[in-house]
Every structure is written in structure tokens, then in C-alpha cells.
Amino acid sequence: MNNLYTIDFDLLKKNDFASLKKLKIAVTKIGFLKLNNLPISNSLIQSIFNEYKLFFSKPNSEKNEVNMKFTNSNRGWGESKSEQVNQKFLPDLKEMYDSGPEIKLTHEFQNLPYYAKNVWPNDMPKLKEISNEFYSNCCDVGLIILNKIAKILNFSESFFSDKFDLPMALLRCNYYHGLHSLPDKEEFGIAPHTDYGCLTLLFTENDNGLEIKTPGSQWLKVQAKKNELIINFGDMLELWTNHKVKATLHRVKNTKNERYSIPFFFNPRHDTLIGKDGNNSDIYAGDYLAYKYDSTYKHKM
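Residues numbered from 1 in each chain as written. Predicted model: local features only at pLDDT ≥ 70, side-chain atom pairs only at ≥ 80, totals over all residues. Heavy atoms only, no water.

(A) Structural view of the overall build of the protein chain. Scanning the protein chain from terminus to terminus reveals eight helices and 14 strands. Scaling as 2.2 N^0.38, a compact globule of 301 residues should have a C-alpha radius of gyration of about 19 Å, and the protein chain matches this with 18 Å. For the protein chain, the C-alpha atoms occupy an extent of roughly 50 × 45 × 45 Å along the three principal directions. Per-residue burial over the protein chain gives 55% buried out of 301 residues. Expressed as a percentage of contacts within the protein chain between residues at least 6 apart in sequence, the contacts between residues at least 24 apart total 76%. Accessible area for the protein chain stands at about 14000 Å²; split by element, carbon and sulfur atoms hold 48% of it. (Helix = DSSP H or I, 4+ residues; strand = E, 2+ residues; numbered from the N terminus. Rg over C-alpha atoms; globule rule 2.2 N^0.38 Å. Buried < 20%, exposed > 50% of the residue type's maximum accessible area, 1.4 Å probe, protein only. Contact = heavy atoms within 4.5 Å. Areas by Shrake-Rupley, 256 points an atom, 1.4 Å probe, with all protein chains shown as cover.)

Here you go:
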């Protein structure tokens, strides 16, 4: 495998046969794909990158005012090494900024950390405004992709679609510092891991440092062209589909150039039944994410 399939989102939405065929191979054999012809405007994508860059340019003393370690959730800023996705490696060399859904109605999960109120810098109202619009756009794209996955796997039309009215989705920006000297082999921007959620939409700029592990156990560099989106599938979706979907190991290498990426992690509502454990007990999406969050975010360990 030398490259990923690139699928036209508009054709996929219209159930184009060739696009669905590519999707099935990507979902079941590769674990990654790229999308183009997106319904999210280039101006919105550029605007949210600009807002995040402005935030990360602040001194740490200002960013610390919205530090997620002062919360019981993953909302706000995470300093470098505040996440450790793989315990066999050193904590990840990146800063991040996390936000979740802005749900205005009263609901039964509202006091859980996965539905916590967002934390925004007081002097950046535009960041909140653009993030909420971008979040909504990503939810729309994510649900369409999942519905097409249900189609190619011969699942019912509602297999995914009725589980995302209160999504535990997370919008993040990762900021990787440019390093004058590269660290040792045990230290990465993000260490080798599989995403632990359902579906990830990844927006990147330039050289993103992303590599995926191929079926032949080689590391393949993944680059997206302008106006392309990288998609990958997480452990939760693999479990939820009884391992019909493949979650693929990937990592982000450090480089001498500073970089930004925006992943959107699309996860279902808290009480979604996603599978059984070794004792044949039910596994629910919220409990599954709770375990993963508490074992990777340093302020929750």
C-alpha cells in the first residue's frame, strides 16, 4: 500500500458505486481514507486555523487561565506533555485546545464530564463563534460518513443515525512546536496509538508528520492536499461493528517546523450500547470513553 483512497464526498453522499466500493476497502482493510469536495467552506477552515494560531501564540500565563487541569473534564488548554496516549512512550510533545458540544437544552447527561461546559478565553469571542459553527459542520459530515458505513456493511439505516442526538464529540486543535533538535525515539508529537473513539475527521496544513502502520508493518507517511480531509476509525467503532471496521495504529513524528492540526472526534451519546466485554457484560459508549480519557489525560490519571 503506497497511498490512501481519496473519495469525493459529494459522490459518496449520492451513493456512487465506485465511491462506496473504495469506502468499504478503506473501512475494512486500511482504517484510513481521504475525502475531497467537502461541504465545509475553505474560508471557515482557514478561519478556525487562524483563531487557534492566535490562541497558541499567547504566553503560557494567559493560556493557563483556561487550563483543563483546573476542570474535571477535557475542556480548554492542555500544555505540552499533558496527554500520554501510549504508556510505553513519553508524554506527547504537543499543546492542545479542546471543546465539546454547546447543548442548550436540559438532558439527563448534562452533569457528566463529556458534556461539560466549554472554557473559552475572555478576549477571543470569535474563537467560540467559529468553533461552534465548525463543530456543527463536522457533526453533519461525520453522520453522513457513518450512515454510508452502515450501508456498505449491510447494517440497518438507523444503526448509527439515531445515536448521535447528544454526541460526545470533541473538537481539538493540536499545536506542535518546531524543535531545533529532534528528541529520542521514545518521544513523539503523538506516540503510536489507535484512536479510542468512533470516527475522526482530521484537518491539516502542510507537512503534518502523520504516519500510519500498514498491513505490511511499514510506516506510511500520510499527506492531505489543500481542501482534503483525512478520516480514520477508532477502537469504539471497531468494537461497535464487531470488528468489521479497522482501527489502525498511527503516530505523529516531531519535525523542526511548527505545525497545527484540527481533529474532530465524533462519538455517540453516552448510553449507546457498543458491545460486550469478556464477561458478556454490556459496554456503553460513555463508560468506554471514561476509561480511555482517565488513562491518557495526565490531569485525570
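There is more to say, and it comes next.
(B) View of the packing of helix α3 (residues 42-56) against helix α5 (residues 125-152). Two numbers describe how α3 lies on α5: the axes approach to 10 Å, and their chain directions differ by 135 degrees. Here α5 runs oblique to α3, going by the angle between their axes. Relative to α5, the crossing made by α3 is left-handed. Contacts between α3 and α5 involve Leu44, Ile45, Ser47, Ile48, Glu51 and Tyr52 from the first element and Lys126, Leu127, Ile130, Ser131, Glu133, Phe134 and Asn137 from the second. (Axes fitted to C-alpha atoms, helices over the stretch in contact; angles between N-to-C directions. Parallel < 35°, antiparallel > 145°, perpendicular 65-115°, else oblique. Left-handed = near helix turned anticlockwise from the far one by under 90°.)

(C) Expanded view of the nonpolar core. Judged by nonpolar contacts, the single largest core of 70 residues is most densely connected at Leu35, Phe134, Ile149 and Phe203. With sequence-adjacent residues up to four places away left out, Phe134 is seen in contact with Ile40, Leu44, Ile45, Ile48, Leu171, Phe203 and Ile262. Core analysis: the second largest hydrophobic core is formed by 13 residues, Phe32, Leu210, Ile212 and Leu220 among them. (Core = buried A, V, L, I, M, F, W, Y, C linked by side-chain atoms within 4.5 Å.)

(D) Quick peek at helix α2 (residues 17-30). With 14 residues, α2 should reach 20 Å at 1.5 Å per residue; the first-to-last C-alpha distance of 19 Å fits that figure. Listing the buried residues of α2 in full gives Ser19, Leu20, Leu23, Ala26, Val27 and Ile30. Along α2, the residues classed as buried sweep out an arc of 160 degrees about the axis, all on the same side. Away from the buried face of α2 by more than 90 degrees, exposed residues Phe17, Lys21 and Lys29 are located. Along its buried surface, α2 packs onto β1 (6-8), α1 (9-13), β2 (32-36), α5 and β10 (229-233). Phi turns positive, to about 90 degrees, at Gly31, one or two residues after α2. (Expected span 1.5 Å × (residues − 1). Arc of directions from axis to C-beta.)

(E) Representation of the sheet that holds strand β11 (residues 250-252) in the model. Here four strands make up an open sheet; going across it, the order is β6-β11-β8-β9 and the pairing antiparallel. Two strands bound the open sheet, and with one partner strand each, they are β6 (190-193) and β9 (219-221). Between one strand axis and the next, the sheet turns through 20 degrees on average, direction left out of account. Note that β6 and β11 share two bridges and pair antiparallel. (Pairing = 2+ DSSP bridges.)

(F) A look at the packing of aromatic side chains. Here the structure, examined in full by the defined rule, presents 18 aromatic pairs. Between the aromatic rings of Phe89 and Phe188, the centroid separation amounts to 5.6 Å while the plane-to-plane angle is 80 degrees, which identifies the pairing as edge-to-face. Taken together, the residues span a long stretch of sequence, with Phe89 in the loop between β3 (76-78) and β4 (95-99) and Phe188 in the loop between β5 (170-176) and β6 at a distance of 99 residues. Classification of Phe89 by relative accessible area gives buried; the value is 19%. (Phe/Tyr/Trp six-rings, centres within 6.5 Å; stacked < 30°, edge-to-face > 60°.)

(G) View of empty space enclosed by the protein. For the structure on display, the rule yields two cavities of 30 Å³ or more. In this structure, the largest cavity spans a volume of roughly 370 Å³. Surrounding the largest cavity, 29 residues form its lining, Ile190, His193, Asp195, Pro263 and Phe265 being those nearest its centre. For the lining of the largest cavity, the leading source of residues is β5, giving four residues. When grouped by side-chain class, the residues that make up the lining of the largest cavity number 15 nonpolar, 10 polar and four charged. Its boundaries defined by the atoms lining it, the second largest cavity holds a volume of some 40 Å³. Around the second largest cavity sit Asn74, Arg75, Tyr114, Met168, Ala169, Leu170 and Tyr293, which together line it. Of the residues belonging to the lining of the second largest cavity, the class tally is five nonpolar, one polar and one charged. (1 Å grid on protein atoms, 1.4 Å probe; cavity = no way out; pocket = protein on both sides within 12 Å on 5 of 7 lines; lining within 4 Å. Points joined across faces, edges and corners; volume = space filled by probe spheres on them. Nonpolar A, V, L, I, M, F, W, Y, C, P; charged D, E, K, R; others polar.)

(H) Region of interest: α3. Over its 15 residues, α3 extends 21 Å from the first C-alpha to the last, a length consistent with the 21 Å expected when each residue adds 1.5 Å. Within α3, the full set of buried residues consists of Leu44, Ile45, Ile48, Phe49, Glu51, Tyr52, Phe55 and Phe56. Considered in projection along α3, the buried side chains sweep an arc of 160 degrees and stay on one side of the axis.

(I) Here's a closer look at the pattern of salt bridges. All chains considered together, the criterion is met by 15 salt bridges. The salt bridge partner of Asp123 is Lys58, with a shortest N-O separation of 2.7 Å. With Asp123 in the loop between β4 and α5 and Lys58 in the loop between α3 and α4 (60-63), the pair connects residues that are 65 residues apart, well separated along the chain. You can call Asp123 exposed: its relative accessible area is 52%. A salt bridge links Glu95 to Lys63, with the nearest nitrogen and oxygen atoms 2.9 Å apart. (Salt bridge = Lys/Arg side-chain N within 4 Å of Asp/Glu carboxyl O.)

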